[in-house]
Amino acid sequence: MDFDVGKIDLHCEKNNTAHKTNDISVNRLIVRRGQSFLVTFELHDPSRPTTDLLELTVETGPQPSEALGTRSVFGVPEGCGKGSSWKVKVHQGSVLPAGSITLDITSPADAPVGEYNLSVKTSATASVGSSLGKLLLLFNPWCQEDWVHLPEEEERQEYVMREQGLVYKGSDKYISSMAWNFGQFEDDIVDICLKLLDVNPKCLSDPAKDFSARCNPIYVSRVVSAMINANDDGGVLMGRWDGQYDGGMSPTHWNGSVVVLRRWLKYGGNPVKYGQCWVFAAVMCTVLRCLGIPCRVVTNFQSAHDTDKNLTIDDFFSDYGVRPKQSPDSVWNYHVWVEAWMRRPDLSVDSLYDGWQAVDPTPQEKSTGVYCCGPAPVKAILQGHVDLKYDVPFVFAEVNADRVTWMVFADGSKKNIFTDTVSVGQNISTKAVGSDKRVDITANYKHAEGTEKERAVYNQAVKKVNIPEENSNGIHDDKPGVSMKIVELTKPVSGKDIDLELVLNSNDNETRTLVINVNVQAMRYNGIPSSQIQTELKEQKLLPNQDLTIPIHITFSVYGEKMRESNSIKVSAVVTDKDKSGAVYITEKDFVPESPSLTIKAIGSELQYSDMMAEVVFENPLSEGLRDCFITVTGSGLLTETMEARMPLLKQGHRLRVKIPFTPYRPGPKKLVAGFNCDQFRDIKASCNVYIKPFTSVVPPLP
C-alpha cells in the first residue's frame, strides 16, 4: 500500500545536542557518523511496520553510488535494503495508530562526511521517494569504530569542541603564546569547510571518487592541507614572507580563522592575503575540528627546512660576520603545523602508527606534485621510519636535522667549522588539555639529544633516504682554542635599548690577537635576514685564563623601525685569530624583544545573552607620541564580528583605555582576544578567558 508522507520532524535540536553539534546550529540536522538519530514523519494512513514497506535512501555528491558508498538504500521491516551499511529501526516513540512514525537511523562509522539527501518510499511500486530533508554528516571522535575515535572525553573537549586556543611563537629561548580564535562552530563555517572540499582539484577532476573518499580522514586531512594554501589550487590563503603586504593584511594582523574563511568565501574563492605558518596551521585546525577530526596546533622551535632531502642544513658565514649567500636550506626560529588524530591502517595492521599525525598546510615543498604535507605519523618520525607516507622525511628533518656551518673566504673557498647535531627541533609545544599551560611534546618526535638512541635513529633515517655517509656525518671534532658566548644583561623589551655582552675565553696559555666582528640583523621568523641593524669591527687581545668582554648596545631608535615586520634580532660574532691562519670562531644568538604590555578584561555578569564589556588598556612606553593607533577585539561565542576602536595620537606616557560592549551568545569557556597597532608597534596581542554560564528561563522558586 502506498502512503503519503505528511509533516516531517528532523528533531534538529534534540539530535544535534546528542551529537554535540548544537553549537553549530539547532535549526538544521547535523549528526556524527556511527551514531543514531531520530526522524519523525506522518503518514496519512496508519502504518504496520512489520508488513508495510518503508524504504529509505541517503545520497551524497554527484552520481551517488552504492558501490562507492555515496548512496544507501535501507528500511523496515528488517531485511529491506539487505546489505546496506546504514541501519534503521522503528523507535518506541512512534504512534502508529495515528500514522506518526519515528525512525532511529544509524549511519556507518566509515560513511563519507558531507551533506546528504534523505528520502522515503512507502511502497515498493512507488517510483520516487518523498524527501525527508537534508542532513550533514561529520566525523565522530566519540564513536569507537570511527578512525578518528579519541578515547578521553577531556581530550575530545579540547581538540574538537574548544573554539579558542593558543599558538606558540618566538624562539626556543623566548617562547610566547598568542591567543587564537578558531571559531569552528560559527554557523557558516561548516558550509565553508564543505565548500573547501568541493572545490579541491581532486573533486573537480573526479567528483564521484572524491565524495566517496571523504569517508577517510587520511584523505580529507591531506586535501585540507593542500586547500588551506593557494599555491596550486583555489585555496584559502596566499603566503608571503618578504614583508611586502600591499593589497592585503600582514600575517600578524589575524587573531582568528573565522574572518579568513569568510573572506575567502565572500570573494569567490580568491585567496586571502596574507598568511604565514601559524595562520595556515590555525585555519586548518578550525576546518578539521569543524569536520570532527581531533586537531591541535603544534610549534617546533629551531625548525629545519631541508630542501634537498639529505637531513642536513648548511649554514654559510663570511669572515665579516654575515651570510654571503643564501642557502636553499634554512632553520626557522619556529614553525607551526597541526597534529590530527586518526588511525593509520594503511601503514600497519597492528595500530603501530595510529594516533597523532603531523599535517602541515604551509606551502614549503611539494608532495606528489602538490603543496601539502602529511599526514605523517608522529610515531614514525620518532623511530626514523622515513620510508613511510606521507612526507615523513621532511618532518623528520624539521625536528632532527644536523646543522653544518661553513666559513666562506674571500677567494670563494669554504671550510667546515662545525656540525651541530643538537639544536634543530627544540621545545616542541602545544596547549595543554583544559588549561592555558604550555606542554612540551618534543619527546613524541625524537629521543633526547645526546643519547645513543637519538643518533641511532638519525643514522637509520639517513640510510633509508639513501644519503652517502660522508654527506650525513663529518662532525668537526677539533676543540676550539677560543670559547665565546653572547649574554643578555637586561631582558629585551621592544621600545627600550638592548644591552648584551660578548664574552670570550681561551682554553690554553697563549695570548691571542683577535679580530672581532659583531653583526646585528633583524630577522624574519623563517631564518631570513630582513635588514641590517648595526655592525662593529674591533681588534682586541685575549689573555690566557681571562675573560674578554665586549659590550653590545643596540638602541631602539636604530632597531625599532627595522623590527616592524621582523620576528627577532640575530647577534652573531665572527672572530679570527691574526696569529693563526684559518682559526675562525663563530657564535650567534637570537633575541625576541618582548612587546609592550597590552591588557584586556571582561566586565559584567558572565551569562549567556547578558550585556558585558571588554576593557582594553595600552600605555605608550616611548618618549614620543604614537600615531594611527587602533585596537581590535574578537572572540567566538562572544562577539559576532571583530570590533575596532581608533585613536589618531597617543601622547608620550599617556594611556589608552577602550571599552567595547558585547553580548555573549554561546555558553562555555571562551576567550576575548585584543590586538593593538600603531606606527611604531605592530600587532601586539592580549587575551583573557571568560566562562559564560548558559541562559535559563526557569524562574527560581521564592524562599
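Residues numbered from 1 in each chain as written. Predicted model: local features only at pLDDT ≥ 70, side-chain atom pairs only at ≥ 80, totals over all residues. Heavy atoms only, no water.

## Examining the layout of surface pockets
Applied cut-off: In this analysis the probe radius is 1.4 Å and the grid spacing 1 Å, with only protein atoms considered; a cavity is a set of points the probe fits into but cannot get out of, a pocket is an open set with protein on both sides within 12 Å along at least five of seven lines, and lining residues have an atom within 4 Å of a point. Grid points are joined across faces, edges and corners, and a volume is the space filled by probe spheres set on the points. The numbering of helices and of strands both runs from the N terminus, where a helix is a DSSP run of H or I of at least 4 residues and a strand a run of E of at least 2. Each residue is assigned to one of three groups, with Ala, Val, Leu, Ile, Met, Phe, Trp, Tyr, Cys and Pro labelled nonpolar, Asp, Glu, Lys and Arg labelled charged, and all others, Gly among them, labelled polar.
Taken as a whole, the largest pocket encloses approximately 1,100 Å³ of empty space. Lining the largest pocket are 43 residues, with Ser176, Val592, Pro593, Ser595 and Asp683 sitting closest to its centre. At the level of secondary structure, the elements contributing two or more residues to the lining of the largest pocket comprise β10 (164-171), β11 (174-181) and β36 (684-692). Top element by residues in the lining of the largest pocket is β11. It accounts for six residues. In terms of residue class, the lining of the largest pocket is made up of 19 nonpolar, 13 polar and 11 charged. As a volume, the second largest pocket reaches approximately 730 Å³. The wall of the second largest pocket is formed by 29 residues, among which Gln302, Arg403, Asp420, Ser423 and Glu588 lie closest to the centre. The set of elements that each furnish at least two residues to the lining of the second largest pocket consists of β15 (312-318), β16 (330-342), β19 (402-408), β20 (414-420), β23 (482-488) and β29 (584-591). By residue number, the principal contributor to the lining of the second largest pocket is β29, which donates five residues. Class assignment for the residues of the lining of the second largest pocket results in eight nonpolar, nine polar and 12 charged.

## Some thoughts on the environment of Cys12
The following threshold applies: Only protein chains enter the accessibility calculation, which uses a 1.4 Å probe. A residue is then buried if its area is under 20% of the maximum for its type, exposed if over 50%, and partly exposed in between. In this description, contact between two residues means that some pair of their heavy atoms is separated by no more than 4.5 Å.
Mapped onto the elements, Cys12 comes out in helix α1 (residues 12-18). Overall, Cys12 belongs to the buried group, its relative accessible area being 15%. C-alpha of Cys12 to C-alpha of Val26: the two residues are 14 residues apart in sequence and 5.4 Å apart in space. Aside from chain neighbours lying at most four places away, what touches Cys12 is Thr17, Val26, Asn27, Arg28 and Leu29.

## A few points about the UniProt feature "active site" (unreviewed entry) in the protein chain
Put simply, the rule reads: UniProt positions are given in the numbering used here, feature names are shortened, and annotations may be inferred rather than shown by experiment. Two N or O atoms count as a polar contact when they lie within 3.5 Å, although within protein this holds only if one can serve as hydrogen donor and the other as acceptor, and sequence-adjacent residues are included solely when both atoms are side-chain atoms.
Those places that UniProt annotates as "active site" (unreviewed entry) correspond, in this numbering, to Cys277, His335 and Asp360. For this annotated set, covering 84 residues, all C-alpha atoms fall within 9.8 Å of each other, a compact arrangement in space. One can find Cys277 in helix α8 (residues 277-291). For Cys277, a relative accessible area of 0% puts it in the buried group. Beyond its immediate sequence surroundings of up to four residues, Cys277 is in contact with Trp241, Trp332, Tyr334, His335, Val336, Thr362 and Tyr525. When near neighbours in sequence (up to four residues on either side) are disregarded, Asp360 contacts Ser225, His335, Val336, Trp337, Cys372, Cys373 and Glu398. Of note is the side chain of Asp360, whose polar atom sits 3.0 Å from the backbone nitrogen of Thr362.

## Brief notes about the nonpolar core
To be explicit about the condition: The definition of a nonpolar core used throughout is a set of buried Ala, Val, Leu, Ile, Met, Phe, Trp, Tyr and Cys residues joined through side-chain atoms within 4.5 Å.
In this structure, Trp180, Ile228, Leu237 and Trp278 are the most contacted members of the largest nonpolar core, which totals 67 residues. Top contributing element to this core by residue count: α8, with 13 residues. Sequence-distant contacts of Ile228, that is, excluding residues within four places in its chain, are made with Leu196, Gly235, Val236, Leu237, Phe280, Val283, Met284, Val287 and Pro361. Counting 59 residues, the second-largest nonpolar core is a separate cluster that includes Tyr174, Val571, Ala573 and Leu638.

## Let's talk about the sheet that holds strand β18 (residues 376-377)
Counted only if it meets this: Only strands joined by at least two bridges in the DSSP assignment are considered to pair. Every axis in this analysis is a line fitted to C-alpha atoms, fitted for helices over the stretch in contact. Angles between the N-to-C directions lie between 0 and 180 degrees.
Strand order in this open sheet of six strands is β18-β17-β16-β14-β21-β22, and the pairing throughout is antiparallel. Strands at the two margins of the open sheet, each flanked by one partner only, are β18 and β22 (438-440). For β16 and strand β17 (residues 355-359), the ladder comprises five bridges, and the chain directions are antiparallel. Paired with Trp341 across the bridge in β17 is Trp356. Of the strands in this sheet, β14 (295-305), β16, β17, β18 and β21 (426-431) are in contact with helix α10 (residues 392-400), which crosses β14 at around 70°.

## A word on empty space enclosed by the protein
In the structure shown here, the tally under the stated rule is two cavities of 30 Å³ or more. Lining the largest cavity we find Glu158, Tyr159, Gln164, Gly165, Leu166, Phe182, Cys285, Arg289, Arg296, Val297, Thr430 and Lys431. Mapped by element, the contributors of at least two residues to the lining of the largest cavity are α2 (153-161), β10, α8, β14 and β21. In terms of residue count, the dominant contributor to the lining of the largest cavity is β10 (three residues). Here the residues of the lining of the largest cavity are counted per class, giving five nonpolar, three polar and four charged. Along its surface, the second largest cavity is lined by Asp306, Lys309, Leu311, Pro393 and Phe394. In terms of residue class, the lining of the second largest cavity is built from three nonpolar, no polar and two charged.

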